[in-house]
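Take a look at the letters that make up each chain.
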Amino acid sequence: MHDVRDFNWRIVVAVVIFLGFILYPFRDLFTVYEKFQEKIIVNDRLALYITQVEASSLSRDTFHFYLYDAKKSTEDFMSHVSDIKPVMVTNDTKATATVTNGDIYLRVRGNIYSFTTVGFDVRIYLDRSPY
């Protein structure tokens, strides 16, 4: 006879469940939630979309500004938002965007993490100050 114990699957299942309970509260550290905030029509071809991104409970929310096809719906934009590069990323909750004669005017009083105007046939004016 063999004097070796059989592998007990119940212990493995109990350990996996225990680890699941321990790791469950940390699930939001790696999850990114992007919520639609506003849509501003720039011209007949482009619309400016503003989204609020909640990365985790340890970091501040950021606001992403996108230029996207004006003929498409908001649901279509949100389904493709991960494939689109934002025009601007900021943490300013009071950042404003206005459109006048087809030109976009952005006013930001917080940090700007990225900003680009390359590849768009619309003028973007950025007003940024710490106050």
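Residues numbered from 1 in each chain as written. Predicted model: local features only at pLDDT ≥ 70, side-chain atom pairs only at ≥ 80, totals over all residues. Heavy atoms only, no water.

Moving on, we come to the nonpolar core. Core analysis: the largest hydrophobic core is formed by 17 residues, its most contacted members being Leu48, Phe65, Leu67, Ile104 and Leu106. Only strand S2 (46-54), strand S3 (62-69) and strand S6 (103-108) provide two or more residues apiece to this core. Apart from residues lying up to four places away in sequence, Phe65 is in contact with Leu48, Tyr49, Ile50, Pro86, Val87, Met88, Thr90, Ala95, Ala97 and Leu106. Of all hydrophobic cores here, the second largest spans eight residues; its members include Ala47, Tyr49, Ala70 and Ile84. (Core = buried A, V, L, I, M, F, W, Y, C linked by side-chain atoms within 4.5 Å. Buried < 20%, exposed > 50% of the residue type's maximum accessible area, 1.4 Å probe, protein only. Helix = DSSP H or I, 4+ residues; strand = E, 2+ residues; numbered from the N terminus. Contact = heavy atoms within 4.5 Å.)

The subject of this paragraph is the sheet that holds S6. With mixed pairing, the three strands of this open sheet are ordered in space as S5-S6-S8. Two strands lie at the open edges of the sheet, namely strand S5 (96-100) and strand S8 (124-128), each paired on one side alone. Neighbour-to-neighbour, the strand axes of the sheet open up by a mean angle of 20 degrees, direction not taken into account. Where S6 and S8 come together, five bridges link them in parallel fashion. For Ile104, the partnering residue across the bridge sits in S8 and is Ile124. (Pairing = 2+ DSSP bridges. Axes fitted to C-alpha atoms, helices over the stretch in contact; angles between N-to-C directions.)

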